[in-house]
Amino acid sequence: MRHLMIGTLALCCSLLALPVFAQQAAGAKTAAPAKLPAGAGPAVIVVETVKGTFEIATFPQEAPKSVEHILQLINRRFYNGHRVHRVEPGFVVQFGDPNSRDMSKQALWGTGGSGRSIGVGEFSPKRTHVVGAVAIAHPGDVKLGDSQMYIVLAPTPRLNGKFTVFGQVISGMDVVQKLKPNDVIRRVTVRMSEPGAK
């Protein structure tokens, strides 16, 4: 009798949950695509993490070499399996070091890259360090920027003209704000935005 009551209770609970699941599924199907910032290129970077997914619009007009370099790395699956190696609350979240795949190399996290720097800084007054801006990290010389990127968590104008802003988070900023050091970047891909999405 006790097993029957537990089974009946479980059935009732699952039936009560059905409308919630149906609403979630319906919401997922009807979600509108994220709006692209004015002047954004067609390539949108999709970053899947253990905390969820966020998307980055790219700015190839203002940062052509940086965007090209990052997209080439993504097409090589360079970022898959990396970890977030730096989080400064109210400042930045940073990833893109291949050393971060290996927990035994934690002392080296933040020092690695693809081995080929971009070779130029690309600055524009149109692309500044606003919340959600995505920029190329570098070790002190903007020409040495490579694979590491950071996402701005609060307006940081002091970085303008010192780091190349090549993108902007257009969806999932709540995911970015939840990221912590050691969180895994499961997969990074590129999708082409639909015509008229701007």
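Position numbers for residues count from 1 along each chain, tracking the sequence in the order it is written. Only residues with pLDDT of at least 70 get local features here, since the model is predicted, and only at 80 or more are side-chain atom pairs given and counted; chain-wide, interface and lining totals rely on the full set of residues. Working from all heavy atoms in the structure, the side-chain values ignore hydrogens and water.

### Thoughts on the pairing of strand β4 (residues 92-95)
When a strand is regular, its side chains alternate between the sheet's two faces.
Moving on, step 1. Using a 1.4 Å probe on the protein chains alone, a residue whose accessible area is under 20% of its type maximum counts as buried, one over 50% counts as exposed, and one in between counts as partly exposed. Think of it this way: any DSSP run of H or I at least four residues long counts as a helix, any run of E at least two long counts as a strand, and we number them from the N terminus. Burial of β4 is two-sided: the residues V92 and Q94 facing one way and the residues V93 and F95 facing the other way are all buried.
Moving on, step 2. Strand pairing is assigned whenever DSSP detects at least two bridges linking the two strands. In terms of strand pairing, strand β3 (residues 86-88) meets β4 through three bridges, oriented antiparallel. For V87, the partnering residue across the bridge sits in β4 and is V93.
Moving on, step 3. With antiparallel pairing between neighbouring strands as the criterion, β3 and β4 make up a hairpin whose turn holds three residues, including G90 at a positive phi of roughly 75°.
Moving on, step 4. Pairing between β4 and strand β6 (residues 149-152): four bridges, direction antiparallel. Bridged to F95 within β6 is M149.

### Looking at unusual backbone geometry
Moving on, step 1. With phi around 60°, R77 is a residue other than glycine that occupies positive phi space.
Moving on, step 2. If you trace the backbone, R77 turns up in the loop between α2 (64-75) and β3.
Moving on, step 3. Assessed through its relative accessible area of 61%, R77 is described here as exposed.
Moving on, step 4. The residue N182 is not glycine, and still its phi comes out positive at about 85°.
Moving on, step 5. Tracing the chain through its elements places N182 in the loop between α3 (173-178) and β8 (185-192).
Moving on, step 6. The class of N182 is partly exposed, set by a relative accessible area of 33%.

### Some words on the pairing of strand β2 (residues 52-58)
Moving on, step 1. Most of β2 sits inside the fold, with five of its seven residues counted as buried.
Moving on, step 2. Bridge analysis of strand β1 (residues 43-49) against β2 gives six bridges, and the strand direction is antiparallel. Bridged to I45 within β2 is I56.
Moving on, step 3. Connecting β1 to the next strand, β2, in antiparallel fashion are two residues.
Moving on, step 4. Where β2 meets strand β7 (residues 165-171), four bridges bridge the pair, whose relative direction is antiparallel.

### Points about the sheet that holds β6
Pairing between the strands of a sheet is mediated by backbone hydrogen bonds and can be parallel or antiparallel.
Moving on, step 1. Taking strand neighbours across the sheet as the criterion, the eight strands line up as β3-β4-β6-β5-β7-β2-β1-β8 in an open arrangement whose pairing is antiparallel. Looking at the sheet topology across the chains shown, the edges are occupied by β3 and β8. Mean inter-strand twist for the sheet, computed between neighbouring axes without regard to direction, equals 25°. Angles here are taken between N-to-C directions and fall from 0 to 180 degrees, while the axes themselves are lines fitted to C-alpha atoms, restricted in helices to the stretch in contact.

### Some thoughts on the side chain of S193
Moving on, step 1. For S193, the location among the structural elements is in the segment after β8.
Moving on, step 2. Residues are treated as being in contact if the distance between any of their heavy atoms lies within 4.5 Å. If near-sequence neighbours (up to four positions away) are discounted, S193 is found in contact with L36, G41, P42 and V44.

### Side note on the packing of aromatic side chains
Moving on, step 1. Any two rings among Phe, Tyr and Trp, with Trp reduced to its six-membered ring, count as a pair given centres within 6.5 Å; such a pair is stacked if its planes are under 30 degrees apart, edge-to-face if over 60, and tilted if neither. All told, the structure shown has three aromatic pairs when counted by the stated rule.
Moving on, step 2. Ring centres 5.1 Å apart and planes at 90° place the aromatic pair F78 and Y79 in the edge-to-face group. Like Y79, F78 is buried.
Moving on, step 3. A ring pair is formed by Y79 and F95, whose centres lie 6.1 Å apart and whose planes are at 75°; its orientation type is edge-to-face. Separated by 16 residues along the polypeptide, Y79 in the loop between α2 and β3 and F95 in strand β4 bring together distant segments of the chain. Here Y79 and F95 have matching classes, each one buried.
Moving on, step 4. Each residue in the set F78, Y79 and F95 is aromatic and connected to the rest through ring pairs, giving one cluster.
Moving on, step 5. Think of it as a cone above the ring: NZ of Lys or CZ of Arg counts as a charge over the ring if it is within 6 Å of the ring centre and within 35 degrees of the ring normal. Taking the ring centre of F59 as reference, the NZ or CZ of R127 above it sits at 3.7 Å.

No statement about biological role is implied by the geometric values presented.
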